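Take a look at the letters that make up each chain.
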Amino acid sequence: MPQSVDVSVPSMARTYDYLLGGAHNFAVDRELAAQVERIMPDARSAARVNRAFLGRAVRHMIGQGITQFLDIGSGIPTVANVHEVAQAADPTCRVVYVDKDPIAVAHSELMLADNDHAAVVHADMREPEAILDHPETRRLLDFDRPVGLLVLMMLHWVPDEADPWRLMSTYRDALAPGSHLAITHVTADNQDESLTDVTDLIKDSRSADQLNERSHEQVLALFGDFEVVEPGLVGCSAWRPAGPGDMSQTPGMNMVIYGGVARKR
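Residues numbered from 1 in each chain as written. Predicted model: local features only at pLDDT ≥ 70, side-chain atom pairs only at ≥ 80, totals over all residues. Heavy atoms only, no water.

A. Fine view of the overall build of the protein. Summing up its helical and strand segments, the protein has ten helices and eight strands in all. Taking 2.2 N^0.38 as the reference for a compact globule, 265 residues should give roughly 18 Å; the C-alpha atoms of the protein span a radius of gyration of 17 Å, in line with that estimate. Taking the principal axes of its C-alpha atoms as reference, the protein extends roughly 45 × 45 × 35 Å. Taken across its 265 residues, the protein has 55% of its residues classed as buried. In the protein, of all internal contacts separated by at least 6 residues, the share reaching a separation of at least 24 is 73%. A total of about 11400 Å² of accessible surface is found on the protein, and carbon and sulfur atoms cover 51% of it. (Helix = DSSP H or I, 4+ residues; strand = E, 2+ residues; numbered from the N terminus. Rg over C-alpha atoms; globule rule 2.2 N^0.38 Å. Buried < 20%, exposed > 50% of the residue type's maximum accessible area, 1.4 Å probe, protein only. Contact = heavy atoms within 4.5 Å. Areas by Shrake-Rupley, 256 points an atom, 1.4 Å probe, with all protein chains shown as cover.)

The structure is reproduced here in structure tokens:
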């Protein structure tokens, strides 16, 4: 385990890993997840429908000719990671993962040890130049050609004062025409007080990550002038579902996360 990890403070990456059924988490993460589930009993299905969205978004991008991907805030490796989805469709696909969590990075390095077409970068998404100019990013990705950029379940951890809209404009400007951007983001739209209670719980947990729910209009603005593809920005389970497994049986969990994909003209 990386020496910089404080196992007395929960990590949202490790808590999310636990909600997805992963094993790379600690007691403090599992306790936070248990508290979340007491407030929002079907929280695991919200995590699951977001993960299913990832696969559909990657397959859509491949269908549009994308063969290189930048996954910012990739988290701890679990099932159906971007490189697994992409390289199953086209073995030449190249993938760069980015995360600030040292455990996520360490496990990603192990997973990718024998994969010459994928790498992980240890960086904070709020430092786009460090990511875009990183040697591994430049080795694998050609920014003169279209890139599939995924920023899933990440931007709601960036507070308004850090200006996530300006941050995303830096990433969008780095992409060539024909590139695609996928975003998922927690929203309080059409939600009851349980999401507010979860936000307060995370605030009280001493986690370095604090949840910032945003409206449909605010999330849509993160795409800038990119052309949002059909069906637009919707509850992520409603974005081109392939079957019942892409949805939660709890209606509210289908709407707690917005998801969308957009194309740079």
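B. Quick look at the packing of helix H1 (residues 12-19) against helix H2 (residues 27-39). Contact pair H1 / H2: the axes reach a minimum separation of 9 Å and the direction vectors enclose 65°. Handedness of the H1/H2 crossing: right-handed. In this structure, H1 contributes Met12, Arg14, Thr15, Tyr18 and Leu19 to the contact, and H2 contributes Val28, Asp29, Arg30, Leu32, Ala33 and Glu37. (Axes fitted to C-alpha atoms, helices over the stretch in contact; angles between N-to-C directions. Left-handed = near helix turned anticlockwise from the far one by under 90°.)

C. Inspection of a negative patch on the surface at higher detail. A cluster of like negative charges, contributed by Asp192, Glu193, Asp197, Asp200 and Asp204, occupies part of the molecular surface. Turning to its location among the elements, aspartate 192 is positioned in the loop between strand E5 (180-186) and helix H9 (193-204). (Patch = residues over 30% accessible without salt bridge, like charges linked within 9 Å, V, L, I, M, F, W, Y side chains within 5 Å. Salt bridge = Lys/Arg side-chain N within 4 Å of Asp/Glu carboxyl O. Lys, Arg positive; Asp, Glu negative; His and termini not counted. Charge placed at Lys NZ, Arg CZ, Asp CG, Glu CD.)

D. Structural context of the nonpolar core. Counting residues in each nonpolar core, the largest one holds 80 residues, and the members touching the most others are Val58, Phe69, Leu70, Met125, Leu149 and Tyr171. Look past the residues within four positions of methionine 125 in its chain and what remains in contact with it is Ile72, Ile131, Val151, Met154, Leu155, Val158, Leu167 and Tyr171. (Core = buried A, V, L, I, M, F, W, Y, C linked by side-chain atoms within 4.5 Å.)

E. Here's a closer look at the packing of aromatic side chains. Counted under the stated rule, the structure contains one aromatic pair. Residues phenylalanine 53 and tryptophan 239 carry aromatic rings whose centres are separated by 5.5 Å and whose planes lie at 70° to one another, so their mutual orientation is edge-to-face. Separated by 186 residues along the polypeptide, phenylalanine 53 in helix H3 (residues 43-63) and tryptophan 239 in the loop between strand E7 (234-235) and strand E8 (257-263) bring together distant segments of the chain. Sitting above the plane of the tyrosine 18 ring, arginine 44 keeps its charged end 4.8 Å from the centroid. (Phe/Tyr/Trp six-rings, centres within 6.5 Å; stacked < 30°, edge-to-face > 60°. Lys NZ or Arg CZ within 6 Å of the ring centre and 35° of its normal.)

F. Representation of the pattern of salt bridges within the structure. Tallied over the entire structure, the rule returns nine salt bridges. The shortest N-O distance in the salt bridge between glutamate 31 and arginine 38 comes to 3.4 Å. Its relative accessible area of 40% is what places glutamate 31 among the partly exposed residues. When its relative accessible area of 59% is taken as the criterion, arginine 38 is described as exposed. For the salt bridge of aspartate 124 with arginine 126, the shortest nitrogen-to-oxygen distance reads 4.0 Å. Taking relative accessible area as the criterion, aspartate 124 reaches 23% and is therefore assigned partly exposed. Taking the relative accessible area as the measure of exposure, arginine 126 reaches 38% and is therefore partly exposed.

So far we have only geometry, and geometry alone does not tell us how the molecule works.
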